[in-house]
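Listed here are the chains, written in short residue letters.
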Amino acid sequence: MSTFIKLLARNRLAIFGAAVLGVIILLIVVTPLLPLPDPDATATADRFKRPFSDGFILGTDHLGRDLLSRLLWGTQLSLAVGLAAALIAGTVGAAIGIVAGYFGGRIDNVIMRAIDMLMAFPYILLALAIVAALGPGLLNALYAVAAVNIPFFARNVRGVTVSIAHKEFVDAARLSGMGHIRILTTEILPNVLPVVIIAMSTTIGWMILETAGLSFLGLGSQPPQADLGSMLGEARAALITAPHTSIVPGMMILLIVMSVNLLGDGVRDALDPRLRSGALSRPMAATLVRRDETPPEEAETEAVLSLENLQTRFEVGSRIYRAVGGVSLAINPGECVGLIGESGSGKSVTALSVMGLVASPPGIITGGAVRLNGQDLIGAPYRRLRALRGDRVAYIFQDPLSTLHPLYRVGDQLTEAIRVHHRISRDAAHERAVKLLEDVRIPNARARIRSYPHELSGGMRQRVAIAMALANEPEVIIADEPTTALDVTVQAQILKLLDDLRRDRGVSILFITHDFGVVGQLCDRVAVMYAGRIVEEGTTAEVLDAPAHPYTKRLIACVPELGAGRRELHAIPGLPPAVDQLPHGCAFAPRCHKATGLCATSEIELTGTGRKVRCILPEEDVA
Ligand code: ADP
Ligand code: MG
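Small disclaimer: the values here were computed from a predicted structure and weren't measured.

Draft legend 1. Local environment of the UniProt feature "domain: ABC transporter" (unreviewed entry) in the chain. Per the UniProt annotation, the sites labelled "domain: ABC transporter" (unreviewed entry) are residues 305–556. The span residues 305–556 shows a helical share of 40% and a strand share of 28%, and its end C-alpha atoms are spaced 27 Å apart.

Printed below as a string of structure tokens:
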């Protein structure tokens, strides 16, 4: 709630709207207490008095009635009717939408076709028809305005309900034996409520206008009762001779609708969870860079990709999450380097920082360098990053179902990946896509290219994702846990495929995983990451045979070995530290059985050349 207020307060226009609306509401609340003349008392002798004459602050109308008094009472009525119409339309519409979306099938069909029929008529015509049938009068105008707005709410809410009605938490509620009513009220309703509120806050202004419109036509409030629409309607005849009679209610309608809409937009922005997580701003095209120190000098290496003291953090409010705290890593041509660590150790953020793909806000790269063939990518112009993304450096992610677009055929997605970077004809791109699918050993590639992602199995989809990564023959592929979502046999096939591709094409791979078994199968070298830093690095054989850092040792002890007899598996006690409150010194010390007081006193350097370890009491001597 407080974040909602904070976000709303940051939106100046919304605050302005709230202030104007607040003043108007205050005025109409105190109206009965003000020494105002009767709004309906006519005095033909005082017709069309100008504002500020003879004690009439806003003048009088064609029957000599006090305009200020009529304005305030009329505003009260108009606001009340608009609000009531919005509440009715919102409640009824939401109820219809929830029922249709939740039950689906025939119920959904019948309800939504009825709603469609309502929507088939022009808005205002329908309202006019309803009032004509019910007879003129403010209450009937209210019903008419509410009725014509119900379809809008019903459609919106149905859409949201359909998307959550088959989510796991609803299934869980069903399994636990809850009835439909309980599920609708406790599981579905809280999830659609923000949508209803957002829709209401953005349409309430419209409903006030529509009610005013009906009154203007004489179908709403009946004389002598004043509302803003009827005041405007009655003033029509004297528009030229006594313009103030039109301007006064007109200005009020303008102020109300404007302030309601500004506030409504603000409420929508602050409530929308997608906008909220990004602190009301869209992520930028490339990660924000704020390097205080000059980047490290370029060293002479043969590495294709080298990270040098890379630091990436998330700034959320006053908290700073140091997700990557100075990572250095070099990948040579044709080499496969494993990056391993527990979940949350910063592997993905490291990988995404390379191409500036960490969402900003809240992500910021605060230091270090990422060199691709010697050229620093941190802070490179977006055009350059874009040209390199997917062309020189490609990514493979964990879940191919969410990286492939569900509505396009895999072939179209492949050709698109090629044509973004290369001007080649559609046919040539198509041929290339078939070739790529064959390269990743998809049987019957020419037919498979016409499949949609959902028609493929998990392993096939990941092959397609790999084919996309290969599309432009990149120098580096960054694979972020590409086999974690797959079962073991498929995982073995995918690893074999990656290994073959690397040998055939000489592409370098940064392979991210949390599984030492996978590292052993694929990687030449491995770096172990803990709490945003590399704690050990070396060739795979060295690290697996003789782990030097206590963390690595315990991580390896967690992996069961087939045929190794009965060996006790030891989970590492405790949890990784939260990266917004890292301990002083070694981050692993609180969980380490070897830790002494010395471990927590000062920074511990990564020592060694080639084989490196960040520990003052290593299990093995690496020097
Ligand atoms: P993993 O090693 O499992 O891939 P990540 O690189 O995804 O871990 O995350 C590293 C750390 O960064 C985690 O501790 C996570 O809490 C933090 N983090 C990631 N994204 C955000 C974010 N948007 N805001 C704050 N912290 C984040
Ligand atoms: Mg990850």
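Picking up where we left off.
Draft legend 2. Inspection of the UniProt feature "domain: ABC transmembrane type-1" (unreviewed entry) in the chain at higher detail. In this numbering, the UniProt entry assigns the feature "domain: ABC transmembrane type-1" (unreviewed entry) to residues 75–264. From the first C-alpha to the last, residues 75–264 spans 19 Å; its make-up is 84% helix and 0% strand.

Draft legend 3. Quick look at the packing of aromatic side chains. Counted under the stated rule, the structure contains 6 aromatic pairs. Ring geometry for Phe152 against Phe153: centres 5.5 Å apart, planes inclined by 80°, an arrangement best described as edge-to-face. The exposure class of Phe153 is buried, given its relative accessible area of 1%. On the numbers, 5.6 Å between centres and 5° between planes, the contact of Tyr395 with Phe397 is stacked. In this structure an aromatic cluster arises from ring pairing among Tyr530, Tyr551 and Phe588.

Draft legend 4. Focus on the environment of Ala43. Locating Ala43 in the fold gives a position in the loop between α2 (12–30) and α3 (67–103). For Ala43, a relative accessible area of 28% gives the class partly exposed. Setting aside its immediate chain neighbours within four residues, Ala43 contacts Leu63 and Gly64.

Draft legend 5. Quick look at unusual backbone geometry. The residue after Pro223, namely Pro224, is reached through a cis peptide bond having omega 5°. We note that Arg441 has phi near 60°; this positive angle belongs to a residue other than glycine. Position of Arg441 relative to the elements: it lies in the loop between α16 (426–439) and α17 (445–448). What makes Arg441 partly exposed here is its relative accessible area of 42%. If you check the backbone angles, Glu481 has positive phi at about 45° while not being a glycine. Relative to the helices and strands, Glu481 is located in the loop between β8 (476–480) and α19 (488–505). Residue Glu481 is classed as buried on the basis of its relative accessible area, which comes to 10%.

Draft legend 6. A look at the nonpolar core. Of all hydrophobic cores here, the largest spans 59 residues; its most connected members are Leu437, Ile466 and Phe511. In this structure Leu437 touches Leu414, Ile442, Ala445, Ile449, Val464 and Ala467, once residues within four positions along its chain are discounted. Residues Ile28, Phe153, Ile208 and Ile253 belong to the second largest nonpolar core, which totals 56 residues.

Draft legend 7. Quick peek at the site of ligand 1. Around ligand 1 lies a shell of 13 residues, among which Gly344, Gly346, Lys347, Ser348 and Val349 are the nearest. Backbone polar atom of Ser345 to an oxygen atom of ligand 1: 3.2 Å apart, as the coordinates give it. Taking Lys347, its main chain carries an N or O atom lying 2.9 Å from an oxygen atom of ligand 1. In isolation ligand 1 offers 560 Å² of accessible surface; the protein chains occlude 67% of this area. Those elements that place two or more of their residues in the shell around ligand 1 are β3 (319–331) and α12 (347–354). Broken down by element, the residue count for the shell around ligand 1 peaks at 3 residues, all from α12. Tallied by class, the residues present in the shell around ligand 1 amount to 6 nonpolar, 5 polar and 2 charged.

Draft legend 8. Quick look at the pattern of salt bridges. Applying the stated rule across the entire model yields 35 salt bridges. Arg268 is the partner of Asp265 in a salt bridge, and the nearest nitrogen-oxygen pair spans 3.8 Å. You can see Asp265 and its partner Arg268 sitting in helix α10 (residues 244–271), 3 residues apart, about one turn around the helix. Looking at Arg268, the relative accessible area reads 31%, which means it is partly exposed. Its salt-bridge partner being Arg313, residue Glu315 comes within 3.3 Å of it at the nearest N-O pair.

Draft legend 9. Spotlight on the packing of helix α8 (residues 180–216) against helix α9 (residues 228–235). In the contact formed by α8 and α9, the axes pass within 7 Å of each other and the chain directions differ by 40°. Comparing the axis directions of α8 and α9 gives the class oblique. Handedness of the α8/α9 crossing: right-handed. Where α8 abuts α9, its residues Ala212, Ser215 and Phe216 lie against Gly229, Ser230, Leu232 and Gly233.

Draft legend 10. Quick look at empty space enclosed by the protein. What the rule picks out here adds up to 3 cavities of 30 Å³ or more. In this structure, the largest cavity occupies an estimated 80 Å³ of space. Taken together, His549, Pro550, Cys586, Ala589, Cys592, Lys594, Ala595, Cys599, Ile604, Cys615, Ile616 and Leu617 form the lining of the largest cavity. A per-class count over the lining of the largest cavity returns 10 nonpolar, 1 polar and 1 charged. The calculated volume of the second largest cavity comes to roughly 50 Å³. Around the second largest cavity, the lining residues are Asp61, His62, Leu67, Arg70, Met231, Glu234, Ala235, Thr245 and Pro249.

Draft legend 11. Up close: the domain arrangement of the chain. You can read the domains of the chain as domain 1 (2–32 + 63–275) and domain 2 (403–471). For domain 1 versus domain 2, the distance between C-alpha centres works out to 48 Å.

Draft legend 12. Structural view of the sheet that holds strand β12 (residues 612–613). Strand order in the open sheet formed by 7 strands is β7-β8-β9-β4-β10-β11-β12, with mixed pairing between adjacent strands. Strand pairing shows two members of the sheet lacking a second neighbour, β7 (393–396) and β12, which therefore form its edges. As defined by bridge partners, strand β10 (residues 525–530) adjoins strand β11 (residues 533–539) across 6 bridges and the pair is classed as antiparallel. Its bridge partner being in β11, Ala527 is matched across the sheet by Glu537. Against the sheet, α19 engages β4 (336–340), β7 and β9 (508–513), with an angle of about 155° to β9. Relative to the sheet, helix α22 (residues 550–557) contacts β10 and β11, its axis offset from that of β10 by approximately 105°.

Cut-offs used in this document
- Residues numbered from 1 in each chain as written.
- Chains lettered and ligands numbered in written order.
- Predicted model: local features only at pLDDT ≥ 70, side-chain atom pairs only at ≥ 80, totals over all residues.
- Heavy atoms only, no water.
- UniProt positions renumbered as here; feature names shortened; annotations may be inferred.
- Helix = DSSP H or I, 4+ residues; strand = E, 2+ residues; numbered from the N terminus.
- Phe/Tyr/Trp six-rings, centres within 6.5 Å; stacked < 30°, edge-to-face > 60°.
- Buried < 20%, exposed > 50% of the residue type's maximum accessible area, 1.4 Å probe, protein only.
- Contact = heavy atoms within 4.5 Å.
- Core = buried A, V, L, I, M, F, W, Y, C linked by side-chain atoms within 4.5 Å.
- Near = heavy atom within 4 Å.
- Polar contact = N/O pair within 3.5 Å; in protein donor to acceptor, adjacent residues only side chain to side chain.
- Areas by Shrake-Rupley, 256 points an atom, 1.4 Å probe, with all protein chains shown as cover.
- Nonpolar A, V, L, I, M, F, W, Y, C, P; charged D, E, K, R; others polar.
- Salt bridge = Lys/Arg side-chain N within 4 Å of Asp/Glu carboxyl O.
- Axes fitted to C-alpha atoms, helices over the stretch in contact; angles between N-to-C directions.
- Parallel < 35°, antiparallel > 145°, perpendicular 65-115°, else oblique.
- Left-handed = near helix turned anticlockwise from the far one by under 90°.
- 1 Å grid on protein atoms, 1.4 Å probe; cavity = no way out; pocket = protein on both sides within 12 Å on 5 of 7 lines; lining within 4 Å.
- Points joined across faces, edges and corners; volume = space filled by probe spheres on them.
- Domains from an automatic or database assignment.
- Pairing = 2+ DSSP bridges.

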